[in-house]
Amino acid sequence: MMEIERIILRHLQMELKAPFTTSFGTFQTKEFILVEVVDRDGVSGWGESVAFAAPWYSEETVKTNWHMLEDFLVPLALAEPIHHPEELAKRFSAIRQNNMAKAALEGAVWDLYAKRLGVPLCQALGGAKKDIEVGVSIGIQPTVDDLLRVIERYVAQGYRRIKVKIKPGWDVDVIRSVRRAFPDVPLMADANSAYTLADAKRLKALDDFGLMMIEQPLGADDLIDHARLQPLLQTPICLDESIRSYDDARKALDLGSCRIINIKIGRVGGLREARRIHDLCGERGVPVWCGGMLEAGVGRAHNIAITTLENFTLPGDTAASSHYWERDIITPEVEVEGGLIRVPDAPGIGYDVDRRQVERYMQFAKVFHRTATA
Ligand SMILES: O=C(O)CCC(=O)C1=CC=C[C@@H](O)[C@@H]1C(=O)O
Ligand SMILES: [Mg+2]
């Protein structure tokens, strides 16, 4: 049983090594909330909210997450002891949506739970892989030549697949050039909802390049138009933004809206829901992979743990810490060798949170205490 004594929310800000550009815009600074739960014995569990500062990927932001955590979720977590992290889904069920806020706190409780059991988080989740395969996601670059140079660097580092961002006007010609330069590299494109069904012909033209998948071509909240588009394409559609729950995944598979699902722990509301979606896709023979949200070390560690589940058969977006940061907030940092991350075997998330670095990036914090009862 976990008796959480206090919960600390910290607001951090870290500079990315290089700006990240998608169909929606560019950012260079990552703001996020780090959640620490501390139990009666002084054991800490860590979670990271993946919401961005602005609501362009989803409606959640760092500030809405702080509000949800402070005013609703933290009080619910402190109200009573927790026997198992899966209980939180029920406890949080009165709060609609706000999945990234829920996932950050649930993730911290999972870490604490695994640490108390003395097992790695991956094992607590039922994962068995010792290494996970990873790819890298590359933002839109100023020119095609720049993009080719960046890809070359990551291919040389051994990443198992390359993901490039596309948008209208930066798609067929760009992918053609990439294919010409790298005929054999496992390649995929992410549109972040930049197209509509009216663009079906343009998307169909991408069939010529042997892409592993096209990620989220249409509306962020759509399943129907994707189900119309998929039969027109040879390339599998992978849904990201559209899948926020087990039920969304079930509906998407029933409708034929996609043939692959990108699971982001934050987007679906936590590790429990992520695992349920993974299991459903496994039963239906649909492969999944773990998406990224430019996480710092704690979020990255959670991604590694969930990716050890069996049906995460495609390389994910969890690249090395050094791809993003001068200095990450965990030790050791996440390293990629030959496109693989060795899954840590220490209890919980398996990496130590480097409190000195956390202090360095922290802008403000707030501590919440359990209100004393018997
Ligand atoms: O390296 C990563 O963490 C993945 C980055 C990435 O591709 C994305 C992060 C956040 C929003 C999107 O632009 C995109 C995605 O949709 O997967
Ligand atoms: Mg995506």
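None of these values were measured; they are calculated from a predicted model.

Rules used throughout
Residues numbered from 1 in each chain as written. Chains lettered and ligands numbered in written order. Predicted model: local features only at pLDDT ≥ 70, side-chain atom pairs only at ≥ 80, totals over all residues. Heavy atoms only, no water. Donors = N, O, S within 2.8 Å, 3.2 Å for Na, K, Ca; no water. Helix = DSSP H or I, 4+ residues; strand = E, 2+ residues; numbered from the N terminus. UniProt positions renumbered as here; feature names shortened; annotations may be inferred. 1 Å grid on protein atoms, 1.4 Å probe; cavity = no way out; pocket = protein on both sides within 12 Å on 5 of 7 lines; lining within 4 Å. Contact = heavy atoms within 4.5 Å. Polar contact = N/O pair within 3.5 Å; in protein donor to acceptor, adjacent residues only side chain to side chain. Domains from an automatic or database assignment. Buried area = accessible area lost by both parts, 1.4 Å probe. Salt bridge = Lys/Arg side-chain N within 4 Å of Asp/Glu carboxyl O.

A. Fine view of the coordination of the magnesium ion (ligand 2). Coordination of the magnesium ion (ligand 2) by the protein involves Asp190 (OD), Glu215 (OE) and Asp240 (OD), with metal-donor separations of 2.1 to 2.3 Å. The sequence pattern describing where the donors of the magnesium ion (ligand 2) fall on their chain is D-x24-E-x24-D. Here the residue aspartate 190 occupies a position in strand 7 (residues 187-190), and aspartate 240 occupies one in the loop between strand 9 (237-239) and helix 9 (246-255), the gap between them amounting to 50 residues.

B. Quick look at the UniProt feature "binding site: Mg(2+)" (unreviewed entry) in the protein. According to UniProt, the feature "binding site: Mg(2+)" (unreviewed entry) maps to Asp190, Glu215 and Asp240 in the numbering used here. Of the residues just listed, which span 51 residues, no C-alpha pair is farther apart than 9.2 Å, and they cluster in one region. In this structure, the largest pocket is lined, among the annotated residues mentioned, by Asp190. Within the secondary structure, glutamate 215 sits in strand 8 (residues 214-215). For glutamate 215, the residues in contact, after removing those within four places along its chain, are Lys163, Met188, Ala189, Asp190, Ala191, Asn192, Cys238, Asp240, Asn262 and Trp289. Only 2.9 Å separates the side chain of glutamate 215 from the side chain of lysine 163, close enough to count as a polar contact. Those residues in contact with aspartate 240 that lie beyond four places of it in its chain are Tyr57, Glu215, Gln216, Asn262, Lys264 and Arg267. Polar contacts involving the side chain of aspartate 240 include one to the side chain of tyrosine 57, which spans 2.5 Å.

C. Region of the structure containing the domain arrangement of the protein. Domains assigned within the protein are domain 1 (4-119 + 353-369) and domain 2 (124-349). Contacts between the two partners involve 44 residues from domain 1, matched on the other side by 46 residues from domain 2. Summed over both sides, the interface between domain 1 and domain 2 buries roughly 3700 Å², with carbon and sulfur atoms accounting for 64% of that surface. Put simply, domain 1 and domain 2 have four salt bridges between them. For arginine 244, the salt bridge goes to glutamate 59, with nearest N and O atoms at 3.0 Å. At the surface where domain 1 touches domain 2, the tally comes to 24 residue pairs in polar contact (both at pLDDT 80 or more). Every element with two or more residues in the side of domain 1 that touches domain 2 is listed here: strand 1 (4-22), strand 2 (25-39), strand 3 (44-48), helix 3 (99-117) and helix 14 (355-361). With twelve residues, the single largest contributor to the side of domain 1 that touches domain 2 is helix 3.

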